[in-house]
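Residue-level structural notes
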Amino acid sequence: MSEVAAHVLGVEEGRVVALLSSVLGPLVCEDGKPDGFRIHTAGAVTVVVIPSEGVLDIWVHHTQAWPSSPAFARFLAAGLDCTVRCDPGAEAPEIDPYSDALLEIDREGERIVAPT
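The paragraphs below set out a description of the structure included in this document. Bear in mind the structure is a predicted one, so any value in this text is a computation, not a measurement.

1. Side note on the nonpolar core
Ranked by internal contacts, the top residues of the largest apolar core, which has 29 residues, are V8, L20, V47, I58, V60, F72 and L76. At the level of elements, β1 (2-9), α1 (13-24), β4 (45-52), β5 (55-63), α2 (69-80), β6 (83-86) and β7 (102-106) are the ones that each hand at least two residues to this core. With six residues, the single largest contributor to this core is α2. Non-local contacts of F72, meaning those with residues more than four positions away in its chain, are made with V4, A5, A6, L20, I58, V60 and W66.

Here it is, written out as structure tokens:
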């Protein structure tokens, strides 16, 4: 089991939850606050959604559905037709793992960007 994470830009939380439910099974909101984070579960899988100024930070714990955060981000970008950013991880060994660089994925392709 692993953890994956991504930052989804400009998409409503309901669309993200629906897309994740199509892979993980029905997600049930276990805890959350209207202005804060929400925790959804599907069996042993936990999804944490943190909204912030047009961006949803999505963390998925205890899943084997995606082997890495870039694979998860590609899934979200394709399924939601939006821009998604994530830690490039091992897919970009030339990037310092302690840098702020992110892998950005959208319909135009993939690129390394500095966060704004």
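Moving on, there is more to tell.
2. Notes on α2
For an α-helix, the turn length of 3.6 residues means that residues three or four places apart are oriented alike. Taking 1.5 Å of rise per residue, the 12 residues of α2 would be expected to cover 16 Å, and the 16 Å separating its terminal C-alpha atoms lies within 8% of that figure. Within α2, burial applies to S69, P70, A71, F72, A73, L76, A77 and L80. The secondary structure elements touched by the buried residues of α2 are β1, α1, β5, β6 and β7. For α2, the capping residue at the N-terminal end is S68, with a side-chain oxygen 3.2 Å from the backbone nitrogen of A71. Downstream of α2 by a residue or two, D81 has a phi angle that is positive, lying close to 50°.

3. Some details on unusual backbone geometry
Phi angles above zero are rare outside glycine, and E53 is one such case at about 45°. For E53, the position within the fold is in the loop between β4 and β5.

4. A closer look at the side chain of E13
Structurally, the position occupied by E13 is in helix α1. Apart from residues lying up to four places away in sequence, E13 is in contact with R38, H40, V49 and L56.

5. A word on the packing of aromatic side chains
Within this structure, the stated rule accounts for two aromatic pairs. Here W66 and F75 contribute two aromatic rings whose centre-to-centre distance is 5.1 Å and whose plane-to-plane angle is 45°, an arrangement assigned as tilted. Take F75: its relative accessible area is 22%, and that puts it in the partly exposed class. Members of the aromatic cluster, each reached through a chain of ring pairs, are W66, F72 and F75.

Rules used in this analysis
- Residues numbered from 1 in each chain as written.
- Predicted model: local features only at pLDDT ≥ 70, side-chain atom pairs only at ≥ 80, totals over all residues.
- Heavy atoms only, no water.
- Core = buried A, V, L, I, M, F, W, Y, C linked by side-chain atoms within 4.5 Å.
- Buried < 20%, exposed > 50% of the residue type's maximum accessible area, 1.4 Å probe, protein only.
- Helix = DSSP H or I, 4+ residues; strand = E, 2+ residues; numbered from the N terminus.
- Contact = heavy atoms within 4.5 Å.
- Expected span 1.5 Å × (residues − 1).
- Polar contact = N/O pair within 3.5 Å; in protein donor to acceptor, adjacent residues only side chain to side chain.
- Phe/Tyr/Trp six-rings, centres within 6.5 Å; stacked < 30°, edge-to-face > 60°.

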